[in-house]
Amino acid sequence: YEFYNPTFIARIPDATELFTVFPQPATDVVNINFKNTTNSKYDGCIYDLKGTIIKSFEVNTDRNSVPLTDLPSGNYMISLTHKGKKIAQPLVVAH
């Protein structure tokens, strides 16, 4: 993706360049692996496809696990926010 401004052109990174979620589909837990971590705190949310927050969590290391046993099977978005910047990836849960 490219963002155009008359004074500069900046590349907007793809979410998979910042973090990965696996396995896909997930069953009982989803793992979050940061590609370039700085030991920062991230606020995470899982949204349904209507945009409703289903689950909130906090991650602060280079690899984390989020339990999914309380979520029904379906398609979701997993979002991480740090310093006001939010990035999301799709998440499939299959029990």
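Preceding this paragraph is the structure being described.
All values reported here derive from a predicted model rather than from experimental measurement.

## Focus on the environment of T20
Secondary-structure assignment places T20 in strand β3 (residues 19-22). C-alpha separation for the pair T20 and K35, spaced 15 residues apart in sequence, amounts to 7.7 Å. Residues in contact with T20, not counting those within four places in the same chain, are N31, I32, N33, K35 and Q89.

## Examining the pattern of salt bridges
Inspection of the entire model under this criterion finds 2 salt bridges. Across the salt bridge formed by E58 and K41, the nearest N and O atoms sit 3.7 Å from each other. Remark: K41 occurs in the loop between β4 (29-34) and β5 (42-48) and E58 occurs in strand β6 (residues 53-59); sequence separation between them is 17 residues. Take K41: its relative accessible area is 45%, and that puts it in the partly exposed class. A salt bridge links K55 to D70, with the nearest nitrogen and oxygen atoms 2.9 Å apart. On the criterion of sequence distance, the pair formed by K55 in strand β6 and D70 in the loop between β7 (63-67) and β8 (74-82) is long-range, its members being 15 residues apart. Of the residues examined, D70 reaches a relative accessible area of 52% and is grouped as exposed.

## A word on the sheet that holds strand β9 (residues 85-93)
What the 4 strands build is an open sheet, ordered β6-β5-β8-β9; its pairing is antiparallel. Every interior strand has two partners, whereas the edge strands, β6 and β9, have only one. Going across the sheet, the axis of each strand differs from the next one's by a mean of 20 degrees, ignoring polarity. In the sheet, β8 pairs with β9 via 9 bridges, with the strands oriented antiparallel. Within β9, the position partnered with M77 by the bridge is P90.

## Some details on the packing of aromatic side chains
Applying the stated criterion across every chain, the model contains 2 aromatic pairs. With a centroid separation of 6.4 Å and 45 degrees between ring planes, the pair formed by F19 and F34 is classed as tilted. Residue F19 is located in strand β3, and its partner F34 is located in strand β4; the two are separated by 15 residues in the primary sequence. With respect to burial, F19 and F34 carry one shared label: buried.

Scoring rules and cut-offs
Residues numbered from 1 in each chain as written. Predicted model: local features only at pLDDT ≥ 70, side-chain atom pairs only at ≥ 80, totals over all residues. Heavy atoms only, no water. Helix = DSSP H or I, 4+ residues; strand = E, 2+ residues; numbered from the N terminus. Contact = heavy atoms within 4.5 Å. Salt bridge = Lys/Arg side-chain N within 4 Å of Asp/Glu carboxyl O. Buried < 20%, exposed > 50% of the residue type's maximum accessible area, 1.4 Å probe, protein only. Pairing = 2+ DSSP bridges. Axes fitted to C-alpha atoms, helices over the stretch in contact; angles between N-to-C directions. Phe/Tyr/Trp six-rings, centres within 6.5 Å; stacked < 30°, edge-to-face > 60°.

Everything listed is a geometric property; what it means functionally is a separate question.
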